[in-house]
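Architecture and fold: a report
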Amino acid sequence: MVDKLHTKYVLAETDMPRAWYNILPDLPRPLSPVLHPGTKKPVTPDDLAPLFPMALIAQEMSQERYIEIPDPVRRVYAQWRPSPLYRARQLEKALDTPARIYYKYEGVSPVGSHKPNTAVAQLFYNQQEGVKRVATETGAGQWGSSLAMAGAFFGIAIEVFMVKVSYHQKPFRRSMMQAYGATVHASPTNLTEAGRSILAKDPDTPGSLGIAISEAVEVAAKNNDVKYSLGSVLNHVLLHQTIVGEEALLQMAQADDYPDVVIGCAGGGSNMAGLIIPFVRERLSNGHRTRFLAAEPTACPSMTRGVYAYDFGDTVGMTPLVKMHTLGHDFVPPGIHAGGLRYHGMAPLMSLLHEEGIVEAKAYHQNSIFEAAVLFARHEGHIPAPESAHAIRAAIDEALEAKAAGEERVILFNLSGHGHFDMLSYDRYFEGDLEDYDYPVEAVADAQTRMPQVDEAALGVGD
Ligand SMILES: *Cc1c(COP(=O)(O)O)cnc(C)c1O
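Residues numbered from 1 in each chain as written. Predicted model: local features only at pLDDT ≥ 70, side-chain atom pairs only at ≥ 80, totals over all residues. Heavy atoms only, no water.

1. Structural notes on helix α6 (residues 142–154)
Over its 13 residues, α6 runs 18 Å from end to end, which matches the ideal 18 Å to within 8%, given 1.5 Å per residue. Buried residues dominate α6, accounting for eleven of its 13 residues. Those residues of α6 lying buried are Gln142, Trp143, Gly144, Ser145, Ser146, Leu147, Ala148, Met149, Ala150, Gly151 and Phe154. On the buried face of α6, the contacting elements are α3 (71–77), α5 (116–128), β6 (133–138), β7 (157–163) and α8 (171–179). Remark: Gly155 follows α6 within two positions and exhibits a positive phi of approximately 70 degrees. (Helix = DSSP H or I, 4+ residues; strand = E, 2+ residues; numbered from the N terminus. Expected span 1.5 Å × (residues − 1). Buried < 20%, exposed > 50% of the residue type's maximum accessible area, 1.4 Å probe, protein only. Contact = heavy atoms within 4.5 Å.)

Have a look at this one:
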């Protein structure tokens, strides 16, 4: 038995999991099909071929339970994986809680978050199929910098549409992308029809992830030599992130412990899914009673306030329709500092797990998440990304609940990234300048009227 006093468990490279885990064949019920935006019929691989390489389209729909991680991807992963799992002893002491708090730290990747786990995999498959250019969007810049780095590794030119508010709030993420050789635009731009149509209506828009997606998808759809890449939401993205949870399972075993609750912040759902999905497998197959908790901002509460319905992935309505928790594709969230959580939808896979009662969700105000972030930094040292601080807030609340109930509770959360590029946001918090936003319920009802109408019964797959 490994000494529980160890705060960090580093596994040898040879212990890095060799396969990603695909939960699709093990879901309690199948995912609703992805629909073509024009015909509203299930999409075929050929429909998606202008946007993605065939290998990723196959993974998107795969029924294979384990998908081997190709060697060139493993070699890049090995630069920082396995990522460490820490026990938050100092934080536990500060909270005076009987709970044991563990966190998986994804900030050790070169760009400082979990996102390279899929960026590297995606660009590997693009390179295999001869792709030379890839367009994408980015919110806070975490995804753009991940894809830019992977592009440099695999010799692929990267064009990034960066949400305008983040482009100005996080100039150093932009510099970072440029350092890796990527081209970066503040979205909406005048370079695309989607961007021009938004600017005509609202020239001062802060932009949104949904708008930036429209721009990047348009560039890929209109240019034969350009593919598109998404950093969250899609099944293949969540698949690549399962390396996080597979490692965490092994590391928890080394610690001779097992989580009662596993927590992640949820923007599009990928870092949370990556950590929880292997634990969901254990719950579904081995009877573990683990709870799963998604932490999201009150300003963009897709799981706690959104509806479970077919909607577009982008703002303009060019992407296929997916069934997910959504606030409406034309929803433009306020410019909160957790830029990576400003997305109107939620991964279909995570949405289904929420509908099935497997994943719970809670929403938090930004002042309360920065309070948690600062407490965490003062006891554990790591300065978290504002996105990750949502998971910290939820973990702290769980630990305090355990204390109030006088019970042991084992808490595991994903510290999805560091906040070294987010210090301006911390400054705003210290200056007392952060506003707490609530998204009004009426606005969701209103957005619903503009969502695409889909006759699910006619698809023969509705639920
Ligand atoms: C992008 C990002 C998120 C949110 O995206 P998910 O797909 O929900 O994981 C969370 N944390 C960090 C550090 C990010 O960069």
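Read on for the rest.
2. Points about the environment of Glu435
Its location among the elements puts Glu435 in the loop between α16 (423–430) and α17 (441–448). For the pair Glu435 and Thr298, spaced 137 residues apart in sequence, the C-alpha separation works out to 11 Å. Not counting residues up to four positions away in its chain, the partners in contact with Glu435 are Gln366 and Asn367.

3. Notes on the domain arrangement of the protein
By a frequent convention, interface size equals the accessible area lost on bringing the separate parts together. As assigned here, the protein comprises domain 1 (8–16 + 80–112 + 240–446) and domain 2 (45–67 + 115–228). Centre-to-centre separation of domain 1 and domain 2, based on C-alpha positions: 23 Å. The interface of domain 1 with domain 2 comprises 34 residues on the first partner and 37 residues on the second. Buried area between domain 1 and domain 2, both sides added, is near 2700 Å², and the carbon and sulfur share of it is 61%. Contact with domain 2 buries surface across domain 1, with Val111, His240 and Phe421 losing the most and accounting together for 27% of the total. For Asp422, the salt bridge is made with Lys170, and the minimal N-O distance between the two is 2.6 Å. (Domains from an automatic or database assignment. Buried area = accessible area lost by both parts, 1.4 Å probe. Salt bridge = Lys/Arg side-chain N within 4 Å of Asp/Glu carboxyl O.)

4. Observations concerning the site of the ligand
Taken together, 18 residues are adjacent to the ligand, and Lys115, Ser232, Gly267, Asn271 and Ser416 come closest. Asn271 is positioned such that a nitrogen or oxygen atom in its side chain is 2.7 Å from an oxygen atom of the ligand. Starting from 380 Å² of accessible surface for the ligand in isolation, the protein chains cover 97%. Among the elements of the structure, α12 (270–286) and α15 (386–405) are those that each provide at least two residues to the shell around the ligand. For the shell around the ligand, the residue count by class is four nonpolar, twelve polar and two charged. (Near = heavy atom within 4 Å. Polar contact = N/O pair within 3.5 Å; in protein donor to acceptor, adjacent residues only side chain to side chain. Areas by Shrake-Rupley, 256 points an atom, 1.4 Å probe, with all protein chains shown as cover. Nonpolar A, V, L, I, M, F, W, Y, C, P; charged D, E, K, R; others polar.)

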